[in-house]
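One letter stands for each residue in the lines below.
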Amino acid sequence: HLDPYGSGADQPLNRLLTVDLTAVASAGATGTLITYTIPANTLRANGKILRITAWGTKTVATASAVIQFRMAAAILASFTIAQNADAWKAVILYARTGSNTQDWIAECVSADVAGWNGASVATEGHRECEFGTDAETDTATIAYDLNVSTINAADTITQEGLLIEILN
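A quick note: this is a predicted structure, and the numbers were derived from the prediction, not measured. (Residues numbered from 1 in each chain as written. Predicted model: local features only at pLDDT ≥ 70, side-chain atom pairs only at ≥ 80, totals over all residues. Heavy atoms only, no water.)

## Description of the overall build of the protein chain
Here is the rule: Secondary structure elements are taken from DSSP: a helix is a run of H or I of four residues or more, a strand is a run of E of two residues or more, and numbering for both begins at the N terminus. Think of it in three bands: with a 1.4 Å probe and only protein chains considered, a residue is buried below 20% of the maximum accessible area for its type, exposed above 50%, and partly exposed in between. Should any heavy atoms of two residues lie within 4.5 Å, those residues are considered in contact. Using a 1.4 Å probe, the Shrake-Rupley method yields the accessible areas, and only the shown protein chains count as cover for residues.
Each helix and strand counted, the protein chain has 0 helices and 11 strands in total. Moving toward the C terminus, one meets the helices and strands of the protein chain in the order β-β-β-β-β-β-β-β-β-β-β. Counting every position in the protein chain, which comprises 168 residues, the buried fraction comes to 40%. Sequence separation of 24 or more characterises 72% of the internal contacts of the protein chain that already satisfy a separation of 6 or more. Only carbon and sulfur atoms are counted for the fraction: they give 53% of the accessible area of the protein chain, which is about 8,000 Å².

Quick look at the structure:
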């Protein structure tokens, strides 16, 4: 921890806010997967950045599904998990640019079930990248969630884990 004066005011360069490895599934229905409440003042200065990583699986290959990164129930990014995907990972960088304003960039990749090459290496079946702005009150808590907005009745999306870090 970078606190040379022992005042408790300095912060570590990389700090883990949460790790949640409790799998949450949405079987044939829309709904929220893993959630987390970002503590008030986490983004207390310009340039503070959160890295949010979510990963999971999709079973059955009936149709594609859509997951959404949301802050305070506002949709930031929507990603399509391909019909034949069996694994996916999504990452968002969420940075404070001013008082109660944030920029974000997010990427999602899903591995096609037909992409396994026998060497335990998945090939990309589908990749998306999105970016934008947000206006959350950074002095208050911010509710984060990953939401399933579209899914076929026969399919299941499971979020296997969530990792949220503050990078600076």
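Let us keep going from here.
## Notes on the pairing of strand β7 (residues 85-98)
Worth spelling out the cut-off: When DSSP finds at least two bridges between two strands, those strands are taken to pair.
Sheet topology places strand β4 (residues 49-59) next to β7; 8 bridges connect them, and they run antiparallel. Counted as the bridge partner of T53 is V91 from β7. As defined by bridge partners, β7 adjoins strand β8 (residues 101-112) across 12 bridges and the pair is classed as antiparallel. Its bridge partner being in β8, I92 is matched across the sheet by A106. The antiparallel hairpin formed by β7 and β8 contains 2 residues in its connecting segment, where N100 sits at a positive phi of about 60°.

## Description of a nonpolar patch on the surface
For the record, the criterion: Residues form patches when they are more than 30% accessible in relative terms and have no salt bridge. Like charges link within 9 Å. Nonpolar side chains (Val, Leu, Ile, Met, Phe, Trp, Tyr) link within 5 Å. Salt-bridge detection follows one rule: a side-chain nitrogen of Lys or Arg within 4 Å of a carboxyl oxygen of Asp or Glu.
Residues L16, V19 and L21 make up a contiguous nonpolar surface patch of roughly 290 Å² in combined accessible area. Following the sequence through the fold, L16 ends up in strand β1 (residues 15-20).

## Some remarks on the packing of aromatic side chains
The description of two aromatic rings rests on the distance between their centres and on the angle between their planes. Operational definition: The pairing test for Phe, Tyr and Trp rings, Trp by its six-membered ring, is centres within 6.5 Å, and the orientation test on the planes gives stacked under 30 degrees, edge-to-face over 60, and tilted for anything in between.
Scanning the entire structure with this criterion turns up 2 aromatic pairs. Measuring from ring centre to ring centre gives 6.3 Å for F69 and F79, while their planes differ by 85°; the resulting arrangement is edge-to-face. Here F69 is found in strand β5 (residues 65-71), whereas its partner F79 is found in strand β6 (residues 74-81), with 10 residues between them in sequence. Relative to Y144, the ring of F69 has its centre 6.1 Å away and its plane inclined at 45°; by these criteria the two rings are tilted. Of the two residues, F69 sits in strand β5 while Y144 sits in strand β10 (residues 142-150), which places them 75 residues apart along the sequence. Exposure class is identical for F69 and Y144. Each is buried. Taken together through their ring pairs, the aromatic side chains of F69, F79 and Y144 make up a single cluster.

## Overview of the pairing of β10
Pairing between strand β3 (residues 31-38) and β10: 6 bridges, direction antiparallel. Residue Y36 lies in a different strand from β10, and its bridge partner there is Y144. Summarising the sheet, β5 and β10 pair through 6 bridges and their orientation is antiparallel. Residue pairing for β10: Q68 is matched across the bridge by N147.

## Looking at the sheet that holds β3
The criterion, for reference: Note on method: axes are straight lines fitted to C-alpha atoms, helices fitted across the in-contact stretch only, with angles between N-to-C directions ranging 0 to 180 degrees.
In space, the 4 strands of this open sheet follow the order β3-β10-β5-β6, with antiparallel pairing throughout. This sheet does not close on itself; its edge strands, each paired only once, are β3 and β6. When strand polarity is set aside, the average angle formed by the axes of neighbouring strands in this sheet is 15°.

## Section: unusual backbone geometry
Unlike most non-glycine residues, N41 shows phi in positive territory, near 70°. Position of N41 relative to the elements: it lies in the loop between β3 and β4. Residue class for N41 comes out partly exposed when judged on its relative accessible area of 39%. Even without being glycine, A72 reaches a positive phi, approximately 50°. Its place among the elements puts A72 in the loop between β5 and β6.

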